[in-house]
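Examination of the molecular architecture
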Amino acid sequence: MNRLVSILLFVCLAIVCLLTVYSSHRSDSVMSWPELDDYWSSSSASSSSNTSGHQGIRKIVSNSNGQSASKTANRILCLVVNKADNDARAMAIMETWGKRCDGFALVSTKRRNGWRTVTVPRTESRKILWPKVQALIRYSYKHLHDYDWFLKADDDTYVIVENLRHFLSNQSTNEPLYYGAEFVQKMEGGFLSGGAGYVFSRRAIQLLVEEGFRTKRCNLLDHEVEELRLEECARLVGVQHSGETVDEQGRGRFFPYAPERHFSPGNEDLQGWLKHRLGNKLDCCSDSAISFHYIRPINMYILEYFIYVLKPHGTDRSN
């Protein structure tokens, strides 16, 4: 009888051991999603798991040319304002242009498992667009010396990161500036379009946080027109916007709308909104264009295809 009990105990122990090993292996396999885990860390902002020394910030492994993006000049942190539950938009960006940034995070009211998120603990509403922009500026400040430039984009903005990096190669991140597409209505002196995206220098981020937010000099109350609040704040702390982002032929680089609108005759200055009047059709847009707005998720992939995949036979697209 004792021998039988011993045998049963041994069998039970063996089964428990096998189940433990299986459970551990299964847990590892469920958590391992290379497309997200390698590029977009799910750890909190205070996590110390990043081996490069950055606290919880996702670093790109390689850029579109297979080279280490984190070693390139003009390191760019891309921060995308994302509406809660807009997973299709977030995924489209992550699978297209987002992977070319040196660092990337979503800014949302909802923390997303597996995705780097700057969380704004508020009820989702257009009224909190300005608080979201404040949050991404504060987050950029925490990584002020990890990156050279800090891009704000919407979750329906498509960005050609290589062209942005090239444009910034002629600018100084020590100057208190931010760049984008300039609107000239609604505010004397103009302001930049949020949808087209704007990119802050390191000095601009520093002044906005240290002189604007911490001192409460800036109006930090909710507002749905983030661009106006941002421009008001920037002026108070000595940060200037620059809409001088057209190319040598006067063609645009940052675009507040999708290509079809800017290509269409009659929209050259968007009925007086744009500072610089552009052309139409093939004359509207620079061959070093940086961003387009109001891009649906499926069109993110279409743009990705035409820019990075399609190669007309017998032509050299480098010329």
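Cut-offs and rules
Residues numbered from 1 in each chain as written. Predicted model: local features only at pLDDT ≥ 70, side-chain atom pairs only at ≥ 80, totals over all residues. Heavy atoms only, no water. Buried < 20%, exposed > 50% of the residue type's maximum accessible area, 1.4 Å probe, protein only. Helix = DSSP H or I, 4+ residues; strand = E, 2+ residues; numbered from the N terminus. Pairing = 2+ DSSP bridges. pLDDT = per-residue confidence, 0-100. Contact = heavy atoms within 4.5 Å. Phe/Tyr/Trp six-rings, centres within 6.5 Å; stacked < 30°, edge-to-face > 60°. Salt bridge = Lys/Arg side-chain N within 4 Å of Asp/Glu carboxyl O. Axes fitted to C-alpha atoms, helices over the stretch in contact; angles between N-to-C directions. Parallel < 35°, antiparallel > 145°, perpendicular 65-115°, else oblique. Left-handed = near helix turned anticlockwise from the far one by under 90°. Nonpolar A, V, L, I, M, F, W, Y, C, P; charged D, E, K, R; others polar.

A separate point is the pairing of strand β9 (residues 198-201). Of the two faces of β9, the one lined by Y198 and F200 and the one lined by V199 and S201 are each fully buried. Pairing geometry for strand β4 (residues 149-154) and β9, over 4 bridges, is antiparallel. Among the inter-strand pairings, K152 is bridged to a residue of β9, identified as Y198. Where strand β6 (residues 177-179) lies against β9, 2 bridges are found, and the strand directions are antiparallel. Residue pairing in the sheet places Y178 in a bridge with F200 of β9.

So, on to the confidence of the model for the protein. Caution applies to low-pLDDT parts of the model: their predicted coordinates are not meant to be read in detail. Chain-level statistics for the protein give a pLDDT mean of 81 and a share of 76% at 70 or above. In this model, residues 4-70 is a region of pLDDT below 50 whose contacts with residues beyond four sequence positions or in other chains number 85 contacts.

Looking now at the packing of aromatic side chains. Scanning the entire structure with this criterion turns up 13 aromatic pairs. Aromatic pair F167 and F254: ring centres 6.4 Å apart, planes at 80 degrees, arrangement edge-to-face. Here F254 lies in the loop between β10 (240-242) and α8 (259-263) and F167 lies in helix α5 (residues 161-168), a separation of 87 residues in the sequence. Grouping residues by exposure puts F167 and F254 together as buried.

What follows deals with the pattern of salt bridges. Applying the stated rule across the entire model yields 21 salt bridges. Salt-bridge contacts for R89 lead to D155; the nearest nitrogen and oxygen are separated by 2.8 Å. Taken as a pair, R89 in helix α3 (residues 87-95) and D155 in the loop between β4 and β5 (158-159) lie far apart in primary sequence, 66 residues in all. We classify R89 as partly exposed; its relative accessible area is 29%. Its relative accessible area of 4% is what places D155 among the buried residues. Ionic pairing is found between K127 and E224, a salt bridge with its closest N-O pair at 3.7 Å. With K127 in the loop between β3 (117-119) and α4 (129-142) and E224 in the loop between α6 (202-213) and α7 (226-237), this pair connects stretches of sequence that are 97 residues apart.

The buried fraction of strand β2 (residues 103-108) is high, at 6 of 6 residues. Burial along β2 is two-sided: the face carrying G103, A105 and V107 and the face carrying F104, L106 and S108 are both buried. Pairing of β2 with β3 involves 3 bridges; the strand directions are parallel. Residue S108 lies in a different strand from β3, and its bridge partner there is T119.

This part takes up the packing of α4 against α7. With their axes 8 Å apart at the nearest point, α4 and α7 run at an angle of 50 degrees to one another. Classified by the interaxial angle, the pair formed by α4 and α7 is oblique. Crossing geometry of α4 relative to α7 is assigned as right-handed. Facing α4, whose interface residues are L129, W130, V133 and I137, α7 presents E226, R229, L230 and C233. Its residues placed into classes, the contact of α4 with α7 shows 6 nonpolar, no polar and 2 charged.

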